[in-house]
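# Examination of the molecular architecture
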Amino acid sequence: MVDLAYVFAGFFVGTIVGLTGVGGGSLMTPLLIFFFGVKPYMAVGTDLLFAAFTKLGGTISFARQRIVPWRVVGLLSAGSIPACLVTLGFLHWVGPADPQVQSLMTTTLGVALLLTAAAMLYKAVRGKQVPRHLAAADEAHASTPRHWSLPLLFGALIGTLVTLTSVGAGAIGVTVLLVLYPLLPLPRIVAADIAYAVPLTLVAGLGHASLGSVDWPLLAKLLAGSLPGIWLGSRLTHHTPDRVIRSLLSVLLAWAGTKLVLI
């Protein structure tokens, strides 16, 4: 029964990721900690590789639909990957199981979830409508940031946050993309968010694996559910009430973030 619960959790999170670009670390890490009793550092490491493989499936689906803005993905990755490597170096130096590091991870994770919830709620309630379609001739202009350095800076911030907590590449990443690329249609925003998270979470996850912070049998069970889930979600992304989903998720993440901060 526990194995089926892991598979179902993976399917649920994978579907949400495919629908909104949000939910990998934001949902899975709290689920592992609160409902399955996994240690925070082990939950973060396992979830990073879970996110990498899950979002790889979503990226392939979006790439086949030809809606991934690869220029955007490249700029964000140029900032996030180096920041990820620096953060991994810090974790190697102090050790992920150190009580102070676990406390830092838990508190940072809680704050990241609260920020994610706030970003999602703002987007759902007050965020402006973004276009759903884009003419091919307008794609180059829509994929150009307001300043070349902004994707690098925000990518570095997200890379650090993701490596430390496994949270940040979802709602925070989507919010950043909406600010930097306001002319990109929402499906392309979601596709970019999922695609750039693949190399980031893969590098971060392998770094955590080298620290012994990955539960491989647990990872296999989660992926058994998530890969079909993200395929389904990516197919439904054009037909779902985005605001309703984001509003409900923001409430759930705010609850999880508050619990983690108060531990």
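Keep in mind it's a predicted model, so treat the numbers as computed, not measured. Per chain, residues are indexed from 1 in the order of the written sequence. Where totals are concerned, whole chains, interfaces and linings use all residues; where local detail is concerned, this predicted model gives features only for residues with pLDDT of at least 70, and gives and counts side-chain atom pairs only at 80 or more. Side-chain measures here rest on the full set of heavy atoms in the structure, leaving out hydrogens and waters.

## Thoughts on the packing of helix α4 (residues 70-94) against helix α7 (residues 149-165)
Two elements in contact, α4 and α7, have axes separated by 6 Å at closest approach and are oriented at 35 degrees. Note that α4 runs across α7; the crossing there is right-handed. Across from Leu-75, Leu-76, Ala-78, Gly-79, Ser-80, Ala-83, Cys-84, Thr-87, Leu-88 and Leu-91 in α4, the residues of α7 making contact are Pro-151, Leu-152, Gly-155, Ala-156, Gly-159, Thr-160, Thr-163 and Leu-164. Per-class residue counts for the contact of α4 with α7 are 11 nonpolar, seven polar and no charged. Axis lines are fitted through C-alpha atoms, for helices just across the contact stretch, and the angle between N-to-C directions can take any value from 0 to 180 degrees. In this description a helix means any DSSP run of H or I spanning at least four residues, a strand means any run of E spanning at least two, and both kinds are numbered starting from the N terminus. By definition, any crossing whose near helix is turned counterclockwise from its far helix by less than a right angle is left-handed, and any crossing with a clockwise turn is right-handed. Working rule for contacts: check all heavy atoms of both residues, and any pair within 4.5 Å makes them a contact. Only Asp, Glu, Lys and Arg are considered charged, only Ala, Val, Leu, Ile, Met, Phe, Trp, Tyr, Cys and Pro nonpolar, and every remaining residue, Gly among them, polar.

## Focus on the confidence of the model for the protein chain
Mean pLDDT over the protein chain works out to 80, with 80% of the residues at or above the 70 mark. The weakest mean pLDDT in the protein chain belongs to helix α6 (residues 139-142) at 64; the strongest belongs to α4 at 91. The quantity known as pLDDT measures the predictor's confidence residue by residue, on a range of 0 to 100.

## Some words on the packing of aromatic side chains
Aromatic rings from Phe, Tyr and Trp, taking only the six-membered ring of Trp, are treated as a pair when their centres fall within 6.5 Å; an angle between ring planes under 30 degrees marks them as stacked, one over 60 as edge-to-face, and anything in between as tilted. One pass over the structure, following the stated rule, counts one aromatic pair. Aromatic pair Tyr-6 and Phe-36: ring centres 4.4 Å apart, planes at 40 degrees, arrangement tilted. Here Phe-36 lies in the loop between α2 (24-35) and α3 (40-64) and Tyr-6 lies in helix α1 (residues 2-20), a separation of 30 residues in the sequence. Relative accessibility under 20% of the residue-type maximum defines a buried residue, over 50% an exposed one, and the middle range a partly exposed one, all with a 1.4 Å probe and only protein chains included. We classify Tyr-6 as buried; its relative accessible area is 12%. Take Phe-36: its relative accessible area is 24%, and that puts it in the partly exposed class.

## Let's talk about the environment of Gly-168
Of note, Gly-168 is situated in the loop between α7 and α8 (171-180). Owing to a relative accessible area of 2%, Gly-168 belongs among the buried residues under this scheme. A sequence separation of 59 residues divides Gly-168 from Leu-109, and the C-alpha atoms of the two residues are 9.3 Å apart. Ignoring anything within four residues of it in the chain, the contact list for Gly-168 reads Ile-158, Leu-161, Val-162 and Gly-173.

## Looking at the pattern of salt bridges
Think of a salt bridge as a Lys or Arg side-chain nitrogen and an Asp or Glu carboxyl oxygen that are within 4 Å of each other. Scanning all chains against the criterion turns up one salt bridge. Between Lys-221 and Asp-3 there is a salt bridge, and its shortest N-O distance comes to 3.0 Å. Here Lys-221, found in helix α10 (residues 216-236), pairs with Asp-3, found in helix α1; they are 218 residues apart in sequence, far enough to count as distant.

## Some words on α7
Over its 17 residues, α7 runs 24 Å from end to end, which matches the ideal 24 Å to within 8%, given 1.5 Å per residue. Considered for burial, the residues of α7 that qualify are Ser-149, Pro-151, Gly-155, Ile-158, Gly-159, Leu-161, Val-162, Thr-163, Leu-164 and Thr-165. Ser-166 occupies a position one or two residues after α7 and carries a positive phi of about 70 degrees. The span expected for a helix works out to 1.5 Å for each residue beyond the first.

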